[in-house]
Amino acid sequence: MASPLGGIEMFNIKTAAVAAAALVASAGVAGAEKIEVTHWWTSGGEAAAVGVFADAVNASGHEWVDGAIAGGGNARPVILSRIAGGDPMGATQLNTGRDAEDLVQAGLMTDLTDLAEAEGWADFIRPSKLLDSCTYEGRIYCVPVNIHSFQWMWLNRGAYATAGVAVPTNWSEFEAAAPALRDAGITPLAVGGEAWQISGMSGVFQVALGGLDLYRAINVDKSPEAAASADMTKVFEAIAAARSMVDDGYVGRAWNDATAMVITGKAGAQIMGDWAQGEFGVAGQTAGDEYDCLPGLGVYPVLDTGGDAFYFPKPTKNADAMTAAQLEMASLLVSKQVQVDFNLAKGSLPIRGDIDLSAANDCMQKGLAILENPDNVLPSSEQAFTGDTQGQFEDLWVSFFNDPSISVEDAQARYVEIVASAD
Ligand code: GAL
């Protein structure tokens, strides 16, 4: 999946770096810098993708000092507290959204606006809401690098063939096929027990079972009435039903280990963001051959604009030279060739619509087609809610999934409270 950086690609990267260097050199500073970069991309597919970024930064003359921290739930608080505590890294991945809102408002992030305007980011970054999520009081403080949607199901075609049933094309067919998989000794649904995984699944059910209006009413309007609706009850019932489709070993399982169950045929399917594609890629599997993908669980062709952005905390030493290096790195991450190579490896959609993605596989092509229709593009929960509110949702969903003694009614009542007080 990942195209190794060949001669032409390296030439393009150097061109981008030269352009950015020209901009920063005009500020009177330049030179090679060691840039410590924090992120949580540690699975096989994620590592392949982050390697594209690292290669590009190293090819520009700076040095990428890798600061990987496994698991978003672990990495995010470490990253945010380091910046707040005056021990900033040179650059960091976070989710596109409200992760770093407080730090931006406290003036702790490098302003990228002059670079963004010089390079015309507003002209090629789409949807424009991605850049809105990086903008505070008219200034830009992060650079979106991809679009990752949680609204996907990944299915192992061979598992369904072994079970003697057709590969499902929607959630109800998936539920109907589950007993046949069980009889064949195959776990119908692969799940990892991390709270964000269960919470993410609920967002997929919101669309597939409640429709786009329900999702928007909750994730845009923060409507307690929508949270209390009968449509939302269906989501709780689906999460409860999913308990009987997973294996006993799900607790604490990392998302990519659940993906590996689908890749190896131990499980039929997984509801997970399209970062799962990176795992199929490094496993040498091809969309449409070994695996299939259902955007919106095959019910609605939707995607949400989850994904990642890079922030550049204001340096506490060697400020001029490090800031210059940060700007050069930001320019590289949105450059055309790096966007193609990174997103093909990551399984995400690029943030720019003016590049050649003919190499994208069937599933990415489905995502690109959905992206063309703004009516089917939804905000992610990271864009909608603060980290604190998301944490409350995650705690509720994982508790409900793990404890069948919690009634749908009680869980939904708590959900309504969280939505009603969401900021
Ligand atoms: C998400 C992130 C993705 C992905 C995933 C699993 O928050 O946006 O890039 O890697 O976590 O680690």
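Refer to the structure presented above.
Below is a short write-up of the structure.

About the thresholds
- Residues numbered from 1 in each chain as written.
- Predicted model: local features only at pLDDT ≥ 70, side-chain atom pairs only at ≥ 80, totals over all residues.
- Heavy atoms only, no water.
- Pairing = 2+ DSSP bridges.
- Helix = DSSP H or I, 4+ residues; strand = E, 2+ residues; numbered from the N terminus.
- Axes fitted to C-alpha atoms, helices over the stretch in contact; angles between N-to-C directions.
- Contact = heavy atoms within 4.5 Å.
- Buried < 20%, exposed > 50% of the residue type's maximum accessible area, 1.4 Å probe, protein only.
- 1 Å grid on protein atoms, 1.4 Å probe; cavity = no way out; pocket = protein on both sides within 12 Å on 5 of 7 lines; lining within 4 Å.
- Points joined across faces, edges and corners; volume = space filled by probe spheres on them.
- Disulfide = S-S within 2.5 Å.
- Salt bridge = Lys/Arg side-chain N within 4 Å of Asp/Glu carboxyl O.
- Near = heavy atom within 4 Å.
- Polar contact = N/O pair within 3.5 Å; in protein donor to acceptor, adjacent residues only side chain to side chain.
- Areas by Shrake-Rupley, 256 points an atom, 1.4 Å probe, with all protein chains shown as cover.

**What about the sheet that holds strand β10 (residues 291-295)?**
For step 1, the next point in the chain: Taken in spatial order, the four strands of this open sheet run β8-β9-β7-β10, and their pairing is mixed. In this open sheet, the two strands that pair with only one neighbour each are β8 (187-189) and β10. Adjacent strand axes in the sheet meet at a mean angle of 15°, parallel and antiparallel pairs treated alike.
For step 2, the next point in the chain: Summarising the sheet, β8 and strand β9 (residues 267-271) pair through two bridges and their orientation is parallel. In the strand pairing of β9, Leu189 is matched with Ala269.
For step 3, the next point in the chain: Contacts from helix α18 (residues 362-371) reach β7 (152-156) and β10, with the element oriented near 15° to β10.

**Some thoughts on the pairing of β10**
For step 1, the next point in the chain: Of all the five residues making up β10, five are buried; the element is thus mostly covered by neighbouring parts of the structure.
For step 2, the next point in the chain: Burial along β10 is two-sided: Tyr291, Cys293 and Pro295 and Asp292 and Leu294, pointing in opposite directions, are all buried.
For step 3, the next point in the chain: Looking at chain direction, β7 and β10 are connected through five bridges and run antiparallel. Along β10, the bridge assignment pairs Trp152 with Pro295.

**A few points about empty space enclosed by the protein**
For step 1, the next point in the chain: In total, this model carries one cavity of 30 Å³ or more according to the counting rule given.
For step 2, the next point in the chain: When its volume is computed, the largest cavity comes out at roughly 40 Å³.
For step 3, the next point in the chain: Ala190, Val191, Gly192, Gln197, Ile198, Met201, Gln270, Ile271 and Met272 together form the lining of the largest cavity.
For step 4, the next point in the chain: For the lining of the largest cavity, the secondary structure elements donating two or more residues are α10 (195-210) and β9.

**Observations regarding the environment of Asp87**
For step 1, the next point in the chain: Relative to the helices and strands, Asp87 is located in the loop between α3 (72-84) and β3 (91-95).
For step 2, the next point in the chain: According to the relative accessible area criterion, Asp87 is partly exposed, its value standing at 43%.
For step 3, the next point in the chain: Sequence separation between Asp87 and Asp403 is 316 residues, and the spatial gap between their C-alpha atoms is 40 Å.

**Describing the state of the cysteines**
For step 1, the next point in the chain: Counted by the stated rule, this structure contains two disulfides.
For step 2, the next point in the chain: Covalent S-S linkage joins Cys293 and Cys363, the inter-sulfur distance amounting to 2.1 Å. Between Cys293 and Cys363, the S-S torsion sits near -110°, and that sign places the bridge as left-handed. You can see Cys293 sitting in strand β10 and its partner Cys363 sitting in helix α18, a full 70 residues away along the chain.

**A word on the pattern of salt bridges**
For step 1, the next point in the chain: Taken as a whole, this structure holds 12 salt bridges when the rule is applied.
For step 2, the next point in the chain: Of the charged contacts in the structure, one is a salt bridge between Asp114 and Arg139, with a shortest N-O distance of 3.6 Å. In this pair, Asp114 is assigned in helix α5 (residues 113-119) and Arg139 in strand β5 (residues 139-140), connecting sequence segments 25 residues apart.
For step 3, the next point in the chain: The exposure class assigned to Asp114 is exposed, which follows from its relative accessible area of 54%.
For step 4, the next point in the chain: By relative accessible area, Arg139 is classed as partly exposed at 31%.

**Considerations on the site of the ligand**
For step 1, the next point in the chain: Around the ligand, the neighbouring residues are Trp40, Trp41, Glu46, Asn95, His148, Trp255, Trp275, Gly307, Asp308 and Lys346.
For step 2, the next point in the chain: The side chain of Trp41 places a nitrogen or oxygen atom 2.9 Å from an oxygen atom of the ligand.
For step 3, the next point in the chain: Protein chains bury 92% of the 310 Å² of accessible surface belonging to the ligand in isolation.

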